[in-house]
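Summary of the model geometry
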Amino acid sequence: MAYDRARLVADDVIVITEASQLEAARAELPEVPDEGWLVEPARRGTAACLALAANLLPGDGLMVSLHADHLIPDTEAFARTATAALDWADETGMLVTLGLEPKAPATGFGYIRMGESLGDRGSERRPEARRAMEFVEKPPLEEAQRMVQSGEYLWNLGIFAWRNRAFLAQLGQTAPDTAAGAEVAAAALREGRSADYDSAYLALPDIAVDHAVMERTSDLLVVPASFSWSDVGSWADIADVLRTDGDGNATEGDVVVMDGGGNVVLGGRQAVSLVGVSDMVVVATPDAILVCPRDRVQEVKLLVAELRRRDRQDLL
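Since the structure is predicted, the reported quantities are computational estimates derived from the model, not experimental observations.

Some points on the overall build of the protein
Within the protein, the regular secondary structure consists of 10 helices and 14 strands. Here the C-alpha atoms of the protein give a radius of gyration of 21 Å, agreeing with the 20 Å that 2.2 N^0.38 yields for 316 residues. The C-alpha extent of the protein, read off along each of the three principal axes, is 60 × 50 × 40 Å. Relative to its full complement of 316 residues, the protein shows a buried share of 44%. If you sum the accessible surface of the protein, you get close to 16600 Å²; carbon and sulfur atoms cover 48% of it.

Details of the sheet that holds strand E11 (residues 264-266)
In spatial order, the strands read E9-E11-E13-E14; together these 4 strands make up an open sheet with mixed pairing. Each edge of the sheet is formed by a strand with only one pairing partner; in this case those strands are strand E9 (250-252) and strand E14 (289-293). This sheet shows a mean twist of 5° between the axes of neighbouring strands, independent of strand direction. In this sheet, E11 lies alongside E9 in parallel orientation, the contact comprising 3 bridges. Opposite Ala 250, over in E11, you have Val 264 as the bridge partner.

A word on the packing of helix H3 (residues 45-56) against helix H6 (residues 164-174)
For the pair H3 and H6, the least separation of the axes is 9 Å and the interaxial angle reads 135°. Regarding the angle of H3 to H6, the classification is oblique. Seen along the crossing, H3 lies across H6 with a hand that is left-handed. Residues Leu 50, Ala 51, Ala 54 and Asn 55 of H3 form the contact with H6, whose participating residues are Asn 164, Phe 167, Leu 168 and Leu 171.

Points about the pattern of salt bridges
Within the structure shown, the criterion is met by 12 salt bridges. Between Arg 130 and Glu 128 there is a salt bridge whose closest N-O contact spans 3.7 Å. Residues joined by salt bridges that share partners form a network here, namely Glu 191, Arg 193 and Asp 196.

Things to note about helix H4 (residues 75-92)
For H4, which comprises 18 residues, the first-to-last C-alpha distance of 25 Å matches the rise-based estimate of 26 Å (1.5 Å per residue) to within 8%. The set of residues buried in H4 consists of Ala 77, Phe 78, Ala 79, Thr 81, Ala 82, Ala 84, Ala 85, Leu 86, Trp 88 and Ala 89. Where H4 is buried, its residues touch helix H1 (2-9), strand E3 (62-65), strand E4 (95-100), strand E7 (153-163) and strand E8 (220-225). Just past H4, the residue Gly 93 takes up positive phi, approximately 75°.

Cut-offs used in this document
- Residues numbered from 1 in each chain as written.
- Predicted model: local features only at pLDDT ≥ 70, side-chain atom pairs only at ≥ 80, totals over all residues.
- Heavy atoms only, no water.
- Helix = DSSP H or I, 4+ residues; strand = E, 2+ residues; numbered from the N terminus.
- Rg over C-alpha atoms; globule rule 2.2 N^0.38 Å.
- Buried < 20%, exposed > 50% of the residue type's maximum accessible area, 1.4 Å probe, protein only.
- Areas by Shrake-Rupley, 256 points an atom, 1.4 Å probe, with all protein chains shown as cover.
- Pairing = 2+ DSSP bridges.
- Axes fitted to C-alpha atoms, helices over the stretch in contact; angles between N-to-C directions.
- Parallel < 35°, antiparallel > 145°, perpendicular 65-115°, else oblique.
- Left-handed = near helix turned anticlockwise from the far one by under 90°.
- Contact = heavy atoms within 4.5 Å.
- Salt bridge = Lys/Arg side-chain N within 4 Å of Asp/Glu carboxyl O.
- Expected span 1.5 Å × (residues − 1).

This is how it looks when you write it as structure tokens:
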């Protein structure tokens, strides 16, 4: 689905993936030729992989960065908004991101405070762009609540557009180690020096482009989006892709819910029954069971840290 969306807005599509995921990804996209793949020897965050791509592509070319874990049913609205982001990046030379009006004070997303509009150039044909005055990545709950109530912030969708040279220039200012290392890795890959490429890439800092650039730059625009969107980034978000019953229970597998609503239950191969509970997430796998309230599902990352502390790598 992500590849099909990319084809709507780009002349060429490059799929960036980590080596351990390459076989599965290629099975999903047999139509992508060999030159359409860019393989990381190991993950080093989105700043590294986007910098690598920007170094390998024409400097004056435009890039739109799309994640493969987004669920966007309205592809027409997506294409219109993403194309507008590319137009604004081309016209202004600035970095551009897409933003969505928050549905809730989620702590797992980035937030962008909107500034002035770039004139009256927004239209149905091309949505407006606003200056991004502040970029806050994954705030604590109280701060997220304040930002949502203010009406001044949008969720950052992680969909970026820029001219490659402009992105690399910004990266050089805000994350110089990543910029320099990615340039070295790209040169090695371009020249066929695979061992040098692996070594240079593995030496790059592991950092998201949100932290490396977007939070630090003053050269950022945001284009408000109106399409339906989910990054299916937590167990609670799975409800967006599962059928729900009349009480709002989203289930998969051998599941029975009595006198409860708003639950997300993935039963797997074993039967799971809930009685008299609501707004819970229950995930049953052959070796572990997760149970937590829906509004605390982002804390799973704390559970992962605790399992590591207990040396329970078998559950990770």
